[in-house]
Protein chains: 2
Amino acid sequence: MSTTTQLRSLNIDNINPHVKTAEYAVRGLLAIKSEEYRATLKDGKGSDLPFDTVISANIGNPQQLDQKPITFFRQVASLLENPQLLEHEDVLTGSLGYKKDVVERAKWLLSEVNSVGAYSQSMGAPGIRGSVAKFIERRDGYPSDPSLIYLSAGASSGVNTLLHIICATPNTGVLVPIPQYPLYTASLAVLNAKCVPYNLDEEKAWGTNLDVIKASLAKAKEEGIDTRAIVIINPGNPTGASLSEQEIKDVITFAAENKLVVMADEVYQTNIFIGKFHSFKKILRDLQKETPGKYDNVELASLHSISKGMVGECGHRGGYYELVGFDKDVVAQIYKFVSIQLCPPVIGQCIVEMMTHPPVEGEESYELYRREYDNIFEGLKKRATALYEAFREMEGVKCQEPAGSMYLFPTITLSQKAIDAAKADDKAPDEFYCLKLLDATGVCLVPGSGFGQKDGSYHFRTTFLAPGTDWVGRITKFHKEFMAEYKD
Amino acid sequence: MSTTTQLRSLNIDNINPHVKTAEYAVRGLLAIKSEEYRATLKDGKGSDLPFDTVISANIGNPQQLDQKPITFFRQVASLLENPQLLEHEDVLTGSLGYKKDVVERAKWLLSEVNSVGAYSQSMGAPGIRGSVAKFIERRDGYPSDPSLIYLSAGASSGVNTLLHIICATPNTGVLVPIPQYPLYTASLAVLNAKCVPYNLDEEKAWGTNLDVIKASLAKAKEEGIDTRAIVIINPGNPTGASLSEQEIKDVITFAAENKLVVMADEVYQTNIFIGKFHSFKKILRDLQKETPGKYDNVELASLHSISKGMVGECGHRGGYYELVGFDKDVVAQIYKFVSIQLCPPVIGQCIVEMMTHPPVEGEESYELYRREYDNIFEGLKKRATALYEAFREMEGVKCQEPAGSMYLFPTITLSQKAIDAAKADDKAPDEFYCLKLLDATGVCLVPGSGFGQKDGSYHFRTTFLAPGTDWVGRITKFHKEFMAEYKD
């Protein structure tokens, strides 16, 4: 132990061990290294680097890349920030591009929140929760109760709240898909609770396999774990999957039979390229109607966010979760818990309102909104397809067809020589691959080991948000060279 | 146990017991009841209520009350939300009220964050942290390192992070002033760590009494508690105190001798009515210079926020903390922890930038900024004084002169009859008083029991943010009647 360590109150050996255990690869070593490369290039010191731009394909950060904000959202937000503009004729007569519905929406939101600089109710402003409830009703065809909708600082904050409530002892377990978005395992680690992993079925487009889930639950039970909840990410992160109605029915039935809270992470619900999005809430209500009684006990928390989809406003930290079937005393504890952090960012709440209540046909901003929305969607689909086609051509790479979300998660078959080289470098084999890729091309991916994967399999996750397709070519070229260099 | 309870996964008896233990009175029963009154009045159904407005003197929420946002901040924010405005001549020529420095600041901030809808680095955008560091350097006359400044979603989120790192076991203790802002006790409860309370000295303007702190630490040690940190709130919440240089020196020396992290909650640093604000960072550096060696080991986290002061932008959830003297491995764990929640709201980060880098003399927006800032300050001071004078006139009420922050925290002497009536109603005596006040006048305060107080003493906390002075008269009138009704 160094002298300094001895002198301080805190050192690596005496801080919260559960924080130490947590892992969050999306912003880990690779991300930090890529930021260093970016800074080097910005400072004009990158002349000996083999690339001239860094491509951040590691994080679903749409507006850091090509995605433009939706004009309607931002025009309203600018009026909320500076309500003095509402007094100027230029704004009201439209020469600045502000349409009548923009002005009206801003006035209405201001009447709901008073000022975006003021705290709102801890669960979010009532009028905004009302708009969210109406959105859910339109989406699902079933009623939604605004008093059970909690606005949050992105979906991450909602997950954090829910896991805080659920995780009662070190023996509490939560079923988490593998691969998963590492927020779940990281939060469970911090809360000193147990992750009960269940593998998704790569061969079946990364769908849920009920036999696998059952076996995971049974194994946890044998180990004395009290499993309380099951997490589903649909559309899938990092997998890019989109679950079928039957898969969702099976999961809900399994949850009902085993008394598990269903945490449905549905933040990618508009990023759907194959088929259609089925919400857990709708399918639960369908099941409740079909089989009265059996599903009454199901507790569902369904999460959504302004960060993804065509909105892509992740920097604004907005989201919501709807609680269905929860005990009212438990809801009161959720309220108290969120009140300790006061309230979610109010401008983010306002963007939640606009996401769930966008301009509709006949309103002045509709046409532009529709065009921007569709263009973003088509752009994402095009790049997803280009990337998928490129992966299909690569030696030793297998990739599922992009069905939903913003990611592809191909398998890579690595040679023993590559695996040994990784080991010698004290890295996981796919991390080794991704580091080499970053050093050679400036393209930053996240290794599959950051999300969890079946033992002995290797993957990486890439977003398809970065503009252009040049960087796909960089990956193809690197891959060929890597495979040649590490041929067994 | 009800049938429903049996059927669900979660009930009040099996959720996280540490969340249940947490108390957060600022948004508790009284706040909820006051919101119900407000809704009743809004719906036009309040004709049988004895008041026609609700006065929220319970929460430091400046812009929900009288305080207007600073124009410069909001003009820049509106351009950040809608950068298309930057292309309009009307904006650049100033007819909308946008001065040249507003446009320049917006352009610079956009170049730093790219889009306010994009994630930033988890610790905040580098350029913004640079501005914060320069602010600290100007304030203290000592260097500040941007790589040790963490932007946060309000100071609350910073406190949450720091306590997560510090609280290693159920036996970890943190010294917390009594009375305190309940974020501290609530967070320690959720983290299953120990609050080591130390009483502030009401007779000495709610200052720190080192003998009392020493005794608290010694008692905790006897109980086997491993005390790791000391929290100081300066200027004081709920007390309205402002610590002297000597008091701060004593606390730092005590922390150095006892190897304690100093958590300096300095969110009210510009709300100073008597004397001058002394930052812990400056005084630590002074001490380090005066006595080389002795203070090298001090770990200081100093927190600030955009929520209070003349900024009052709490709905935007922005803040920062500076880490001084922390072990680098511990800092790496802090970085990882904050990365799990991705990043603080970016528009809030931009307001942190403007708070720490406001217009200066010679710049176009300076005059207006100065005038707005001074007017808010004078308004707060005037109302603080009016409230203080009113309290001094009330029977059985004693109040310290307002020195800092946004609160007064008078003692009330309650009769045995009032105490008995409270007991019969299953309420703490000061909670009983505040509920009666709310029912009679619509004025919402927070009882002293929500912050902690010496046994047998009773207080309430009131902000002095609400406009006008009519509501002060309501309290005076109620108090007279209450004292008469419950005369022993």
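Residues numbered from 1 in each chain as written. Chains lettered and ligands numbered in written order. Predicted model: local features only at pLDDT ≥ 70, side-chain atom pairs only at ≥ 80, totals over all residues. Heavy atoms only, no water.

For chain A, an unreviewed UniProt entry supplies the name Glutamate pyruvate transaminase and the organism Tothia fuscella. Recorded in UniProt for chain A, the comment headed Cofactor (unreviewed entry) runs: "pyridoxal 5'-phosphate". (UniProt positions renumbered as here; feature names shortened; annotations may be inferred.)

> Residue-level account of unusual backbone geometry, with values.
All names here are of chain B. For the bond from Ile178 to Pro179, the omega torsion is 0 degrees, close enough to zero to count as cis. Here Pro179 lies in the loop between β3 (172-178) and α9 (183-190). Here Asn237 and Pro238 are connected by a cis peptide whose omega angle stands at 10 degrees. Even without glycine at this site, Leu342 takes up a positive phi of about 75 degrees. Mapped onto the secondary structure, Leu342 falls in the loop between α13 (328-340) and α14 (346-356). Overall, the relative accessible area of 3% leaves Leu342 in the buried class. (Helix = DSSP H or I, 4+ residues; strand = E, 2+ residues; numbered from the N terminus. Buried < 20%, exposed > 50% of the residue type's maximum accessible area, 1.4 Å probe, protein only.)

> Report on the sheet that holds strand β2 (residues 149-152) of chain A, specifying residues and quantitative values.
Residue and element names in this part refer to chain A. An order of β2-β8-β7-β6-β5-β3-β4 is seen for the 7 strands of this open sheet, with the pairing classed as mixed. Among the strands making up the open sheet, the edge pair consists of β2 and β4 (194-199). Geometrically, the sheet is characterised by an average inter-axis angle of 20 degrees between neighbouring strands, direction not taken into account. Across 5 bridges, the pairing between strand β5 (residues 226-233) and strand β6 (residues 261-265) is parallel. Paired with Ile232 across the bridge in β6 is Ala264. Its contacts with the sheet place helix α10 (residues 210-222) against β3 (172-178), β4 and β5, and it is angled at close to 150 degrees to β4. Relative to strand β8 (residues 319-324), helix α14 (residues 346-356) is tilted by about 70 degrees, and along the sheet it contacts β2, β7 (300-305) and β8. (Pairing = 2+ DSSP bridges. Axes fitted to C-alpha atoms, helices over the stretch in contact; angles between N-to-C directions. Contact = heavy atoms within 4.5 Å.)

> Residues and numbers for the packing of aromatic side chains, please.
One pass over the full model with this rule turns up 38 aromatic pairs over all chains. Ring centres 5.2 Å apart and planes at 85 degrees place the aromatic pair Tyr37 of chain B and Phe51 of chain B in the edge-to-face group. Of this pair, Tyr37 of chain B sits in helix α3 (residues 29-42) while Phe51 of chain B sits in the loop between α3 and β1 (55-56), placing them 14 residues apart in sequence. Put simply, the rings of Phe391, Phe432, Tyr433, Phe460, Phe478, Phe482 and Tyr486 of chain A pair up and form one aromatic cluster. Note that Arg461 of chain A overlies the ring of Tyr407 of chain A, its terminal NZ or CZ placed 3.9 Å from the centroid. (Phe/Tyr/Trp six-rings, centres within 6.5 Å; stacked < 30°, edge-to-face > 60°. Lys NZ or Arg CZ within 6 Å of the ring centre and 35° of its normal.)

> So what about the interface of chain B and chain A? Which residues, and what values?
Every contact between the two is made by 96 residues of chain B and, on the other side, 96 residues of chain A. Interface of chain B and chain A: buried area, both sides summed, is about 8100 Å²; carbon and sulfur atoms make up 52% of it. Linking chain B with chain A are 4 salt bridges, by the criterion used here. Residue Arg8 of chain A is joined to Asp327 of chain B by a salt bridge in which the shortest nitrogen-to-oxygen separation is 3.9 Å. (Buried area = accessible area lost by both parts, 1.4 Å probe. Salt bridge = Lys/Arg side-chain N within 4 Å of Asp/Glu carboxyl O.)

> Describe the UniProt feature "domain: Aminotransferase class I/classII large" (unreviewed entry) in chain A, naming the residues involved and giving the relevant values.
Summarizing the sequence annotation, UniProt attributes the feature "domain: Aminotransferase class I/classII large" (unreviewed entry) to residues 102-469 of chain A in the numbering used throughout. Taken end to end, residues 102-469 of chain A has its terminal C-alpha atoms 35 Å apart, with 43% of it in helix and 15% in strand.

> Would you mind going over the side chain of Asp101 of chain A in detail, with residue names and values included?
Residues and elements named next belong to chain A. Examined against the element boundaries, Asp101 turns out to sit in helix α6 (residues 100-113). Despite its burial, Asp101 pairs with no opposite charge; the closest candidate is Arg105, at 6.7 Å N-O. Other than its neighbours up to four places away in sequence, Asp101 contacts Phe72, Pro359, Glu363, Glu364, Ser365 and Tyr366. (Lys, Arg positive; Asp, Glu negative; His and termini not counted.)

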